[in-house]
Amino acid sequence: PNGAGKTTTIRTLCGILRPTSGRLQVAGVDLATEPITAKKRTAYVPDDPPMFDTLTVIEHLQFVASAYRLKDWQPKADRLLAYFDLEEKRNTLSSELSRGMRQKLAIVCAYLREPDVLLLDEPMTGLDPPSIRKLKDSVRDQSTRGATVLVSSHLLSLVDDLCDFLVLIRRGKVLFSGPMHDAREQFGGASGTLEEVFFQLTGEPEPQHPKSQAATDD
């Protein structure tokens with residue numbers, strides 16, 4: 001649900017926020033004792049990426065390559081730009097890009113590094129249908145190469161289509177953590193849908209159609 005703590009959790013995993021208690025390990029690295037190593041192995045794409053307004057698309061990739069000391073990155077950058085339909089915008093300032101293009105640029109910057117862990121917070125925001133399909137395919141490719149991809153979303157169709165492991169939280173509390181098929185078997189009811197899992201675990205009442213509600217009120 002909205003306000004459950006998804007973004008806060010991700011920002012803490014990235015080292016942006018300090019945890020109030022407990023320990024965090026990302027890719028086997030303790031975030032408190034080895035923060036630089038942990039950040040080298042992770043990439044974070046927020047739901048509204050803050051790009052550098054005075055840098056062009058290609059300059060963003062040059063900056064990432066320099067900051068993370070990447071070698072021979074240009075061919076991969078070209079492939080990523082072409083895949084996400086940004087090739088024609090390579091010399092365009094990010095301030096002149098649409099919301100969806102800025103989102104795709106942030107994703108390309110994350111993919112360029114080939115991190116061990118990808119943290120994607122509402123990654124579909126602003127994307128058109130073709131870009132959504134490409135992003136879904138690319139997430140599967142990242143998983144195939146061995147990366148852990150954490151996708152935070154309240155869009156059940158996206159979670160259902162992409163994820164094989166589910167963590168459902170509400171008001172900062174974990175209601176379920178486990179394989180998707182276990183969630184369906186335990187809480188999916190007769191339909192076995194993720195929507196049913198959501199309503200069963202959160203205790204939220206299922207929405208009624210306005211006409212049905214009006215008939216009930218009468």
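As a convention, each chain's residues are numbered from 1 in the sequence order in which they are written. For a predicted model such as this one, the threshold for reporting local features is a pLDDT of at least 70, and the threshold for listing and counting side-chain atom pairs is 80 or more; totals across whole chains, interfaces and linings nevertheless cover every residue. Values shown for side chains rest on all heavy atoms present in the structure; no hydrogens or waters enter the calculation.

Looking at this structure, how should I read the overall build of the chain?
In DSSP terms, a helix is any run of H or I states spanning at least four residues, a strand is any run of E spanning at least two, and both are numbered starting from the N terminus. Within the chain, the secondary structure is distributed over 10 helices and seven strands. Dimensions of the chain, computed from the C-alpha atoms along their principal axes, are close to 65 × 40 × 30 Å. Here, two residues are considered to be in contact whenever any of their heavy atoms come within 4.5 Å of each other. Within the chain, contacts between residues at least 6 apart in sequence are counted, and of these 62% link residues at least 24 apart. Carbon and sulfur atoms make up 50% of the accessible area of the chain, which amounts to about 12800 Å² in all. Averaging the locations of the 27 positively and 30 negatively charged side chains of the chain gives two centres separated by 7 Å. The Shrake-Rupley method, run with a 1.4 Å probe, gives the accessible areas here. Residue values count only the displayed protein chains as cover. His is not counted, nor are the chain ends; Lys and Arg add positive charge and Asp and Glu add negative charge. Note on charges: their place is set at NZ of Lys, CZ of Arg, CG of Asp or CD of Glu.

Would you mind going over helix 3 (residues 57–67) with me for this structure?
Every α-helix carries 3.6 residues per turn, so stepping three or four residues along brings you back to the same face. Whether a residue is buried, partly exposed or exposed follows from its accessible area with a 1.4 Å probe, protein chains only, as a fraction of its type maximum: under 20%, in between, or over 50%, in that order. Listed as buried for helix 3 are V57, I58, H60, L61, V64 and A65. In a view along the axis of helix 3, the buried residues occupy a sector of 155 degrees, so they form one face of it. Where helix 3 is buried, its residues touch helix 4 (74–83) and helix 5 (99–112). Once helix 3 finishes, R69 follows within two positions and takes phi at roughly 55 degrees, a positive value. By definition, the arc is the one covered by directions from the helix axis to the C-beta atoms.

How do you make sense of a nonpolar patch on the surface when you look at a structure like this?
A grouping of F165, V167 and V174 is seen on the molecular surface, where their side chains present a nonpolar patch of about 290 Å² in accessible area. With relative accessibility at 48%, the residue V167 sits in the partly exposed group. Like-charged residues are merged into a patch within 9 Å and nonpolar side chains (Val, Leu, Ile, Met, Phe, Trp, Tyr) within 5 Å, provided each residue has over 30% relative accessible area and no salt bridge. Within this document, salt bridges are pairs made up of a side-chain nitrogen of Lys or Arg and a carboxyl oxygen of Asp or Glu, the two lying within 4 Å of each other.

Help me understand the packing of aromatic side chains, please; the structure alone is not making it clear to me.
Note on aromatic pairs: each is described by the distance of the centres and the angle between the planes. For this analysis, a ring pair means two rings from Phe, Tyr or Trp (six-membered ring only for Trp) whose centres lie within 6.5 Å, classed as stacked if their planes differ by under 30 degrees, edge-to-face if by over 60, and tilted for the remaining angles. For the structure on display, the rule yields five aromatic pairs. Judged by centre distance (4.9 Å) and plane angle (85 degrees), the ring pair of Y83 and F84 falls under edge-to-face. Accessibility expressed as a relative area gives 30% for Y83, which makes it partly exposed. Taking the centre distance of 6.0 Å and the plane angle of 80 degrees together, the rings of F176 and F187 count as edge-to-face. Taken together, the residues span a long stretch of sequence, with F176 in strand 7 (residues 173–179) and F187 in helix 8 (residues 180–187) at a distance of 11 residues.

How do you make sense of the side chain of R102 when you look at a structure like this?
When you line up the elements, R102 lands in helix 5. Discounting chain neighbours no more than four positions away, the residues touching R102 are P49, M51, D53, S94, S95 and L97.

Looking at this structure, how should I read unusual backbone geometry?
Glycine aside, residues mostly have negative phi angles, and peptide bonds mostly take the trans form. One non-glycine residue with positive phi stands out, namely A27, at about 55 degrees. Turning to its location among the elements, A27 is positioned in the loop between strand 1 (25–26) and strand 2 (29–30). Located in the positive-phi region is R69, a residue other than glycine, with phi close to 55 degrees. Assignment of secondary structure puts R69 in the loop between helix 3 and helix 4. Given the relative accessible area of 74%, R69 is considered exposed.

Explain the pairing of strand 6 (residues 165–170) to me, please; I cannot follow it from the model alone.
Side-chain direction in a regular strand flips from residue to residue, so the side chains alternate between the two faces of the sheet. Strand pairing requires that DSSP identify at least two bridges connecting the strands. The sheet contact formed by strand 6 and strand 7 spans six bridges and is antiparallel. The residue of strand 7 that forms the bridge with I169 is V174.

How do you make sense of the packing of helix 4 against helix 5 when you look at a structure like this?
The relative placement of two packed helices is expressed as an angle between their axes plus a distance between the axes. Axis definition: a line fit to C-alpha positions, over the contact stretch in the case of helices; interaxial angles, taken between N-to-C directions, run 0 to 180 degrees. Interaxial distance between helix 4 and helix 5 falls to 10 Å at its minimum, and their mutual angle equals 150 degrees. Note on packing geometry: the crossing formed by helix 4 with helix 5 is right-handed. Contacts from K76, A77, L80 and L81 of helix 4 reach helix 5 at V108, Y111 and L112. Note on residue classes: Ala, Val, Leu, Ile, Met, Phe, Trp, Tyr, Cys and Pro are nonpolar, Asp, Glu, Lys and Arg are charged, and everything else, Gly too, is polar. Class assignment of the residues belonging to the contact of helix 4 with helix 5 gives a composition of six nonpolar, no polar and one charged. For any pair of crossing helices, the crossing counts as left-handed if the nearer helix is rotated counterclockwise from the farther one by less than a right angle, and right-handed if it is rotated clockwise.

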